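Coordinates in review
For reference, the chains in residue letters:
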Amino acid sequence: MNWKWLLTAGEPRPRYVILVAVGVVLMMTLTYPIWYPGGRGMAAFAAVAATILSHVSAKLVMKA
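Residues numbered from 1 in each chain as written. Predicted model: local features only at pLDDT ≥ 70, side-chain atom pairs only at ≥ 80, totals over all residues. Heavy atoms only, no water.

A look at a nonpolar patch on the surface
- A contiguous nonpolar patch, built from V48, I52, V56 and L60 and spanning about 340 Å² of accessible area, is present on the exposed surface.
- Structurally, the position occupied by V56 is in helix α4 (residues 39-63).
- For V56, a relative accessible area of 30% corresponds to the partly exposed category. (Patch = residues over 30% accessible without salt bridge, like charges linked within 9 Å, V, L, I, M, F, W, Y side chains within 5 Å. Areas by Shrake-Rupley, 256 points an atom, 1.4 Å probe, with all protein chains shown as cover. Salt bridge = Lys/Arg side-chain N within 4 Å of Asp/Glu carboxyl O. Helix = DSSP H or I, 4+ residues; strand = E, 2+ residues; numbered from the N terminus. Buried < 20%, exposed > 50% of the residue type's maximum accessible area, 1.4 Å probe, protein only.)

Take a look at the structure:
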């Protein structure tokens, strides 16, 4: 697997940023009932997980 492709930001950058931002907002909205009762720590964990998943999905969408 090409780790450099996966770990760098996508090109063109504006499209990548929009895909990641929409993905993070969508993931945080959908998982609100899970992380809200958990407090700040759970919210931070959910935000990091949402960012990673959105990054990977944006890269896969842009590759296709």
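Examining the nonpolar core
- Among the nonpolar cores identified, the biggest contains 10 residues, and these are Y16, V20, V24, M28, W35, A43, A46, A50, A58 and M62.
- Secondary-structure elements contributing two or more residues to this core are α2 (13-30) and α4.
- Here V20 is in contact with S54, H55 and A58, once residues within four sequence places are set aside. (Core = buried A, V, L, I, M, F, W, Y, C linked by side-chain atoms within 4.5 Å. Contact = heavy atoms within 4.5 Å.)

Concerning the side chain of K59
- Within the secondary structure, K59 is located in helix α4.
- On the accessibility criterion, K59 (5% relative accessible area) is buried.
- Setting aside residues up to four positions removed in sequence, K59 forms contacts with W5, L6, T8, A9, G10 and Y16.

A closer look at the packing of aromatic side chains
- Summed over all chains, the structure comprises two aromatic pairs.
- Ring centres of Y32 and Y36 lie 5.0 Å apart, and the angle between their planes is 25°; on these two criteria the pair is classed as stacked.
- The exposure class of Y32 is partly exposed, given its relative accessible area of 38%.
- Looking at Y36, the relative accessible area reads 54%, which means it is exposed.
- Chaining the aromatic ring pairs together yields one cluster made of Y32, W35 and Y36. (Phe/Tyr/Trp six-rings, centres within 6.5 Å; stacked < 30°, edge-to-face > 60°.)

Some words on the environment of E11
- Position of E11 among the secondary structure elements: in the loop between α1 (3-7) and α2.
- In sequence terms E11 and K63 are 52 residues apart; their C-alpha atoms lie 9.7 Å from each other.

Describing the packing of α2 against α4
- Following both chains from N to C, one finds α2 and α4 inclined at 140°, their axes separated by 8 Å at the closest point. In terms of orientation, α2 and α4 fall into the oblique class. Remark: the crossing between α2 and α4 carries right-handed chirality. Counted together, R15, Y16, L19, V20, G23, V24, M27 and M28 of α2 and A43, A46, A47, A50, T51, L53, S54, H55, A58, K59, V61 and M62 of α4 form the full contact between these two elements.
- Each residue belonging to the contact of α2 with α4 can be placed in one class, and the counts come to 14 nonpolar, four polar and two charged. (Axes fitted to C-alpha atoms, helices over the stretch in contact; angles between N-to-C directions. Parallel < 35°, antiparallel > 145°, perpendicular 65-115°, else oblique. Left-handed = near helix turned anticlockwise from the far one by under 90°. Nonpolar A, V, L, I, M, F, W, Y, C, P; charged D, E, K, R; others polar.)

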